[in-house]
Amino acid sequence: MREEYLDPDFIPEVLPHREGEVGEVFESLKPILDNRRATNLFIHGSAGIGKTAVAKFIIRSFREEGARGIYINCWYQRTEVAVLTEILRQLSYPVPRKGRSVDELVDEFAQNVVGEKLIIILDEVDALTDDSVLYVLSRANIPIGIVMISNEEYAMRHFDSRVKSSLAPSIVTFGRYSVDELFDILKERAKYSFKNFDETAVKVAARLAYKNNSDVRYGLNLLLKAGRIAGKTNSSLNINHVRSVEVIQDPKKEKRETELEGEHKVVIEALRALKNSASSVEVFAKYKEIGGKGAERTFRKYVKELIELQMIKDEDIPGRGKRRRLILRN
Ligand SMILES: Nc1ncnc2c1ncn2[C@@H]1O[C@H](COP(=O)(O)OP(=O)(O)OP(=O)(O)O)[C@@H](O)[C@H]1O
Ligand SMILES: [Mg+2]
C-alpha cells in the first residue's frame, strides 16, 4: 500500500465531481491574468467535501499561468500580523517573527507585491481573530483575488461592514457528495494506493463516508486503516478489512488533537477532575491547582479553541450573568 495517496493533504491530479466548482472558482479569479481585479469568493460547505482540495488545485493552475498563489490556514495564522508575515514569507520576503508593527508589515506587503498577480486563499477564515487584514488585502493596488473558506455558512456575519463591502465576495456553496460520487472519488485514490483491492470494499467505505456527512476524509481514513490490516496478512483489500476498522469519530478532530498544546490537555484534565462539567470559574481554579500555566485570559483562549474543536461545549448558567458552564464532549 502506498499510504501517501490516502493522506488527506494529498491533492490528486483530478478532482472528480468538483469540475463545476473548480470552473466557477477559476472563472472568478481569471481576470487577474489580464491584470484586472478578480471577483473575490467565499466558499462554504461541511467538513471533508473538497473545499481545501479545490483551493490548492486552483493555486496550482494559476501558478502555471504565472500568478502567485498563497495558501493560509487561519487556524494557524489568526492575527493580522501573523497573516501578513506568512504572506511575505511565502512571497520569499522573510520578516522577523517579532518586532514588526502592523503598519510596517502593511507597507512591506504593499512594496513587495508591486507587479505581482496574486491569489490569496484564507482557509478556515472564521478562525481569524480580527478581520482588518481582509480590509488591507481587499484594498491592495494590484490584480488580486481573495478566496475565503469556512465550514460555517455565516462565517462572514461578524465582519465589519466596510470589510464586507470591500471584499464583496461571490458565494460558492459546496454540496455534499452522493454515495456514487464518493465511490468514484475513493476508487480513484484506492487505485493509486493499492496493488489489489476489491471494489465492494470501496463501496462500503463510500457508504460509511456518506453516513458521515459525505466526508471524504473519513472514507480515506477508513481505507488507510483497512489497508494496514490487509497488509499484515499480505492480502488484497476486501470488505471485511473495512468492516473491521473501528469507527473513526472525526479524523480532522483526531489530527488536531495530536497538535494541541500541552496546556489544552491540562484544561481537559481539569474538566475531567470536575466530573466533566463545571462552571468556567471552577475549571480555571482546578486548572491552576493541577499546574496550568496560563493566566485567566490565556485560559479563556484555550477554552475557546477547545470549543471550536468540539472537544468541549459551553452553556449559559441561567441567572449568572456571563458565567458559563463547560462540559466535556465524548
Ligand atoms: N472530488 C474529490 N476528488 C478527489 N479527492 C477529493 C475530492 N473531494 C475531497 N477529496 C479529498 O478528500 C480529503 C478532504 O478534502 P478537503 O481537505 O478538501 O476537505 P474540506 O472541505 O476542506 O474539509 P474541512 O472543512 O474539514 O477543511 C482530501 O484528501 C481531498 O483530496
Ligand atoms: Mg479544509
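Residues numbered from 1 in each chain as written. Chains lettered and ligands numbered in written order. Predicted model: local features only at pLDDT ≥ 70, side-chain atom pairs only at ≥ 80, totals over all residues.

**Student:** Please explain the site of ligand 1 as it appears in this structure.
**Tutor:** Lining the immediate surroundings of ligand 1 are 22 residues, of which Gly50, Lys51, Thr52, Ala53 and Val216 lie closest. At the level of secondary structure, the elements contributing two or more residues to the shell around ligand 1 comprise helix H2 (51–64) and helix H9 (216–232). Each residue belonging to the shell around ligand 1 can be placed in one class, and the counts come to twelve nonpolar, six polar and four charged. Looking at the shell around ligand 1, you find at least three residues from each of domain 1 (18–173) and domain 2 (179–250). (Near = placed C-beta within 6 Å. Helix = DSSP H or I, 4+ residues; strand = E, 2+ residues; numbered from the N terminus. Nonpolar A, V, L, I, M, F, W, Y, C, P; charged D, E, K, R; others polar. Domains from an automatic or database assignment.)

**Student:** I'm lost on the domain arrangement of the chain in this one. Help?
**Tutor:** Frequently, the measure chosen for interface size is the accessible area removed from exposure when the parts meet. As assigned here, the chain comprises domain 1 (18–173), domain 2 (179–250) and domain 3 (260–328). A straight line from the C-alpha centre of domain 2 to that of domain 3 covers 37 Å.

**Student:** I'm lost on the sheet that holds strand S6 (residues 277–279) in this one. Help?
**Tutor:** Picture the strands of a sheet paired through backbone hydrogen bonds; they go either parallel or antiparallel. Read across the sheet, three strands follow the order S6-S8-S7 without closing on themselves; strand pairing throughout is antiparallel. Each having just a single partner strand, S6 and strand S7 (312–316) make up the two edges of the open sheet. Averaged over all adjacent pairs, the angle separating strand axes in this sheet is 25°, with direction ignored. With three bridges joining them, S6 and strand S8 (residues 324–328) adopt antiparallel strand pairing. Residue pairing for S8: Ser279 is matched across the bridge by Arg325. (Pairing = 2+ DSSP bridges. Axes fitted to C-alpha atoms, helices over the stretch in contact; angles between N-to-C directions.)

**Student:** For this particular structure, what's the right way to read the environment of Arg100?
**Tutor:** Mapping Arg100 onto the fold places it in the loop between helix H3 (80–90) and helix H4 (102–112). A tally of 17 C-beta atoms within 10 Å means that Arg100 is categorised as partly exposed. Each C-alpha atom of the pair Arg100 and Thr85 lies 9.0 Å from the other, and the pair is 15 residues apart in sequence. Those residues within four positions of Arg100 in sequence are excluded, and the remaining contacts are Val81, Val95 and Leu105. (Buried ≥ 20, exposed ≤ 12 C-beta atoms within 10 Å, placed from the backbone. Contact = placed C-beta atoms within 7 Å.)

**Student:** Before we go on, may I ask you to explain helix H7 (residues 179–193) in this structure?
**Tutor:** Given 3.6 residues per turn, any residue in an α-helix points the same way as the ones three and four places further on. Taking 1.5 Å of rise per residue, 15 residues should cover 21 Å, and H7 covers 21 Å from first to last C-alpha, within 8% of that figure. Those residues of H7 that sit buried are Leu182, Phe183, Ile185, Leu186, Arg189, Ala190 and Ser193. (Expected span 1.5 Å × (residues − 1).)

**Student:** Even after reading the chapter, I still don't get the environment of Val113, so can you show me in this structure?
**Tutor:** Inspection of the secondary structure puts Val113 in the loop between H4 and strand S3 (118–123). Among the residues examined, Val113 registers 21 C-beta atoms within 10 Å and is labelled buried. Sequence-wise, Val113 and Lys203 are 90 residues apart; in three dimensions their C-alpha atoms are separated by 48 Å.

**Student:** Would you mind going over the nonpolar core with me for this structure?
**Tutor:** Soluble globular proteins: nonpolar side chains tend toward being buried together. Of all hydrophobic cores here, the largest spans 40 residues; its most connected members are Ile119, Ile120, Ile121, Leu122 and Val147. Of all the secondary structure elements, the ones that give two or more residues to this core are helix H1 (19–29), strand S1 (41–44), H2, H3, H4, S3, helix H5 (132–138) and strand S4 (144–150). For this core, the element with the highest residue contribution is H2, accounting for seven residues. If we ignore the near neighbours within four places in the chain, the residues touching Ile121 are Ala55, Ile59, Ile70, Tyr71, Ile72, Val147 and Ile149. Membership of the second largest hydrophobic core comes to 28 residues, among which are Ile185, Ala205, Ala209 and Leu223. (Core = buried A, V, L, I, M, F, W, Y, C linked by C-beta atoms within 7 Å.)

**Student:** Which parts of the structure should I look at to understand the sheet that holds strand S2 (residues 68–73)?
**Tutor:** Across the sheet, which stays open at both edges, the five strands sit in the order S2-S3-S4-S1-S5 with parallel pairing between neighbours. Of all strands in the sheet, those bounded by a partner on one side alone are S2 and strand S5 (170–173). For this sheet the average axis-to-axis angle between neighbouring strands, irrespective of direction, equals 15°. As defined by bridge partners, S1 adjoins S5 across four bridges and the pair is classed as parallel. Bridge pairing in S5 links Leu41 to Ser170.

**Student:** Any chance you could explain the packing of H7 against helix H8 (residues 199–211) here in plain terms?
**Tutor:** Packed helices, taken two at a time, are described by the angle between their axes plus the distance between the axes. At a closest axis distance of 8 Å, the pairing of H7 and H8 adopts a crossing angle of 130°. Relative to H8, the element H7 lies oblique. For the pair H7 and H8, the sense of crossing is right-handed. Of H8, the residues touching H7 (which contributes Val179, Leu182, Phe183, Leu186, Lys187 and Ala190) are Glu199, Val202, Lys203, Ala205, Ala206, Arg207, Ala209 and Tyr210. Taken together, the residues that form the contact of H7 with H8 break down as ten nonpolar, no polar and four charged. (Parallel < 35°, antiparallel > 145°, perpendicular 65-115°, else oblique. Left-handed = near helix turned anticlockwise from the far one by under 90°.)

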